[in-house]
Amino acid sequence: MSSSFDLPDGLVAVVKRDCATCELVAPLLAELAAADEPFVAFTQDDPTFPADADWVIDDIELGVSWHHDIETVPTLIKVTAGGETERIVGWDKARWQDFLGDRWKTIETVAAALPEFRPGCGSISVDPDKTAALAVKYDNASLASRRVEFAAAEDDIEAMFDRGWSDGLPLVPPTEARVMAMLEGTSRAGAEVVAIVPPNLAEATVEKVAINAVMAGCRPEYLPVVIAGLEAICTDEFNMHGVLATTMSVGPVFVVNGPIRHEIGMNSGINVLGHGNRANSTIGRAVQLVVRNVGGGAPGGVDRSTQGNPGKLGLCFAEDEEGSFWTSYAEERGFDPSVSTVTAYCGEGPRIIIDQLSRTPESLTRLLAKAMLATNSPRMAIGMDAMFVISPEHMARYRDADWDKARFREVLDEELMIDADSIQRGREGMAEGFPELPEGTRVPKFNPKTGLQIVHAGGPAGLFSSVIGGWLTGEGGSVPVTKEVRP
Amino acid sequence: MTTILDPSDETTVPHRERQPRPESLGGLTVGLLDISKPRGDVFLNQVEQRLTALGATVNRYRKPTFAKPAPVDLRHEIATACDAVIEALAD
């Protein structure tokens, strides 16, 4: 198919006046144009440069430059039968000679006076201020989603609230330019289906995820993490439908591991479970917006949560792997530290565990267990798990005593064994409790070995850790799911 | 004027008319779906007795877990075999 952006057969140059190297080679281009063989030059900024002549073609709209991925000027391209066969960039006398072959003779005399080498300049078509607008101008047909036009008198933010797309906070308008810029964050095609999203079991394409990521306030480089998070919750194991529909006040909690944490500037330190970091605050929010807008899962609809929790806006944080004495959460789950991952865990809001006096791991572990025994309900055991977010200062107790993660788990698991009799229904005047079991039966608070998720995060000071209570575990509920973050 | 992209799945849910309310339950087959919450069976046993007294045939069904939607095969079986269905929540 031919378009106005096709290159003519022969030799083609792309230049701009605002480039010393283009100015340098301008006399050579004039020599090439004067010769018999076909030659044209596309100019990006001045239609009279390199010359006010019919072989100079105006590309100030940058359509040719954009369609042919010009990154540097000058670029020389050989075109045969409508197709590019070879290109060189900048000025390099030896390479030009090699590239031009017989045509070198045309410019040899003029070229003799030129230096051996000058690097090229950036093409205007790759100017960061221009790429989004160019993508919209020349490639917006690649976006499949319906366009929604707001009236001139409508306020964009209010218009999005009115259409029911918001989680209660303002949204960034997902314009074509913003969505195309967002899609630059992934190598996946916009039409690729990422997940089937509950409760409506609707297909979420990369494009739909990108739109919701824009609305959530994400930067393009967060998109692969958003996609991985969505993939994680849209699995039978995680059971997002059940997590939405339950009256228990839980939601997905996302933990990020691996190099991507630093690449996108995630927080794993001070206020890690709170606000203040854009990646932490927007990635989980983007996933939740996909559930709402694509999957149709909104509070009062399929989301029946009795009280909800603030984390349902999108609780997402990074593990502090470098400051940890223990193997990372992702490593424990079978992923190499060089791999970036997102783990989705179904949890309530974080609650603090205070221990400012323990100086031995034994004492601290006992205290932590005591606090964890109260998660969900002090009268419940097995059935529901928890995530333990250990702070650096609490971690120091284990580092000092050389307790690795396995040793901690072993001792903690023992501390988390409950005498079933003590939590039986009706005990101490409380109806809630465990069914009657044979005397002397001991039950674990969590599923031993796998039930407690352990993550290291938090600021350097403070003898406080957190526990995030879980929901029904196992096949009949939700189990944590880890997905690799793929570019 | 701002133009934005639709963040939704862009589908319109088809509107389906409800089945007409039966004049009587006599001779009909009624499915009772236990969602597997504790003591749901206590409630459903009572309902079954009442329905049987009204002349209905009762089929009992059970979801594997209350925390997940009923499997599609189970839903199909109920839709095929029953004229009406009652889903029970209990705790």
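Here the structure is a predicted model, which is why all the values come from computation and not from measurement.

**A short note on the overall build of chain A**
Within chain A, the regular secondary structure consists of 16 helices and 21 strands. In summary, chain A has a C-alpha radius of gyration of 30 Å against a globular reference of 23 Å for 487 residues, an excess of more than 25%. Along the three orthogonal principal directions, the C-alpha set of chain A runs to about 105 × 55 × 35 Å. With 487 residues in all, chain A has 45% of them scored as buried. Restricting the contact set of chain A to residue pairs at least 6 apart, pairs at least 24 apart contribute 77%.

**Considerations on the environment of B:Arg62**
All names here are of chain B. By the element assignment, Arg-62 lies in strand β3 (residues 57-62). Each C-alpha atom of the pair Arg-62 and Gly-31 lies 10 Å from the other, and the pair is 31 residues apart in sequence. With sequence-adjacent residues up to four places away left out, Arg-62 is seen in contact with Asp-34 and Ser-36.

**Looking at the environment of A:Asp45**
All names here are of chain A. Within the fold, Asp-45 resides in the loop between β2 (39-43) and β3 (56-58). Taking the C-alpha atoms as reference, Asp-45 lies 6.4 Å from Arg-17; in sequence the two are 28 residues apart. In this structure, Asp-45 is in contact with Lys-16, Arg-17, Asp-18, Ile-60 and Ile-124, ignoring residues within four places of it in sequence.

**Structural notes on the sheet that holds β3(B)**
All names here are of chain B. The three strands are arranged β3-β2-β4 in an open sheet whose pairing can be described as parallel. What marks the edges here is a single partner per strand, and that holds for β3 and β4 (84-88). Ignoring which end each strand starts from, the neighbouring axes of this sheet average 20° apart. Bridge count for strand β2 (residues 29-34) against β3 is six bridges, and the pairing is parallel. Within β3, the position partnered with Asp-34 by the bridge is Arg-62. Contacting β2, β3 and β4, helix α1 (residues 40-53) runs over the sheet at an angle of about 170° to β2. On top of the sheet, helix α2 (residues 72-81) reaches β2, β3 and β4; it is set at about 160° to β2, its chief contact.

**Notes on the nonpolar core**
Residue and element names in this part refer to chain A. Ala-213, Val-226 and Leu-230 are the most contacted members of the largest nonpolar core, which has 103 residues in total. For this core, the two domains that each supply at least three residues are domain 1 (10-124) and domain 2 (156-484). Core analysis: the second largest hydrophobic core is formed by 25 residues, Ala-41, Val-64, Val-73 and Ile-77 among them.

**With respect to the domain arrangement of chain A**
Here the domain parsing of chain A yields domain 1 (10-124) and domain 2 (156-484). If you average the C-alpha positions of domain 1 of chain A and of domain 2 of chain A, the two centres end up 56 Å apart.

**Describing the interface of chain A and chain B**
Taken together, the contact between chain A and chain B spans 31 residues of the former and 16 residues of the latter. Secondary structure elements with two or more residues in the side of chain A that touches chain B: β10 (147-149), α7 (176-183), α8 (206-216) and α10 (240-245) of chain A. Here the residues of the side of chain A that touches chain B are counted per class, giving 14 nonpolar, 11 polar and six charged. Of the strand pairs in this sheet, β10(A) and strand β1 (residues 3-5) of chain B are connected by three bridges, and their pairing is antiparallel. Along β1(B), the bridge assignment pairs A:Arg147 with B:Leu5.

**Some points on the pairing of strand β13 (residues 251-257) of chain A**
Residue and element names in this part refer to chain A. The buried fraction of β13 amounts to seven of the seven residues, a majority that puts the element mostly inside the structure. Here four bridges tie β13 to strand β14 (residues 315-318), and the two strands are oriented parallel to one another. Bridging from a neighbouring strand, Phe-254 pairs with Cys-316 of β14.

**Looking at unusual backbone geometry**
Residues and elements named next belong to chain A. With an omega dihedral of 0°, the bond running from Phe-49 to Pro-50 counts as a cis peptide bond. One can find Pro-50 in the loop between β2 and β3. Note the cis peptide between Val-73 and Pro-74, where omega equals -5°. Structurally, Pro-74 is set in the loop between β4 (72-73) and β5 (75-80). You will see that Asn-239, though not glycine, has its phi angle at about 60°, which is positive. By secondary structure assignment, the location of Asn-239 is in the loop between α9 (223-233) and α10. Its identity as a non-glycine residue notwithstanding, Asn-376 has a phi of 65°, on the positive side. Position of Asn-376 among the secondary structure elements: in the loop between α14 (361-372) and β16 (384-390). The exposure class assigned to Asn-376 is buried, which follows from the 20 C-beta atoms found within 10 Å.

**A closer look at the sheet that holds β2(A)**
Residue and element names in this part refer to chain A. Pairing within the open sheet is mixed, and its five strands lie in the order β3-β2-β1-β5-β6. At either margin of the open sheet sits one strand with a lone partner, and together these are β3 and β6 (83-89). Across this sheet, the average inter-strand angle for adjacent strands is 25°, counted without regard to direction. Note: strand β1 (residues 10-15) against β5, five bridges, orientation antiparallel.

**Topic: the pairing of strand β21 (residues 481-484) of chain A**
All names here are of chain A. Burial of the side chains of β21 is restricted to one face: Val-481 and Lys-483 are buried, whereas none of Thr-482 and Glu-484 on the reverse face is. Note that strand β15 (residues 341-354) and β21 share four bridges and pair antiparallel. For Ala-344, the partnering residue across the bridge sits in β21 and is Val-481.

**Some words on the environment of A:Ala51**
Residues and elements named next belong to chain A. Along the chain, Ala-51 turns up in the loop between β2 and β3. Owing to 15 C-beta atoms within 10 Å, Ala-51 belongs among the partly exposed residues under this scheme. Separated by 24 residues in sequence, Ala-51 and Pro-27 place their C-alpha atoms 9.2 Å apart.

Criteria and cut-off values
Residues numbered from 1 in each chain as written. Chains lettered and ligands numbered in written order. Predicted model: local features only at pLDDT ≥ 70, side-chain atom pairs only at ≥ 80, totals over all residues. Helix = DSSP H or I, 4+ residues; strand = E, 2+ residues; numbered from the N terminus. Rg over C-alpha atoms; globule rule 2.2 N^0.38 Å. Buried ≥ 20, exposed ≤ 12 C-beta atoms within 10 Å, placed from the backbone. Contact = placed C-beta atoms within 7 Å. Pairing = 2+ DSSP bridges. Axes fitted to C-alpha atoms, helices over the stretch in contact; angles between N-to-C directions. Core = buried A, V, L, I, M, F, W, Y, C linked by C-beta atoms within 7 Å. Domains from an automatic or database assignment. Nonpolar A, V, L, I, M, F, W, Y, C, P; charged D, E, K, R; others polar.

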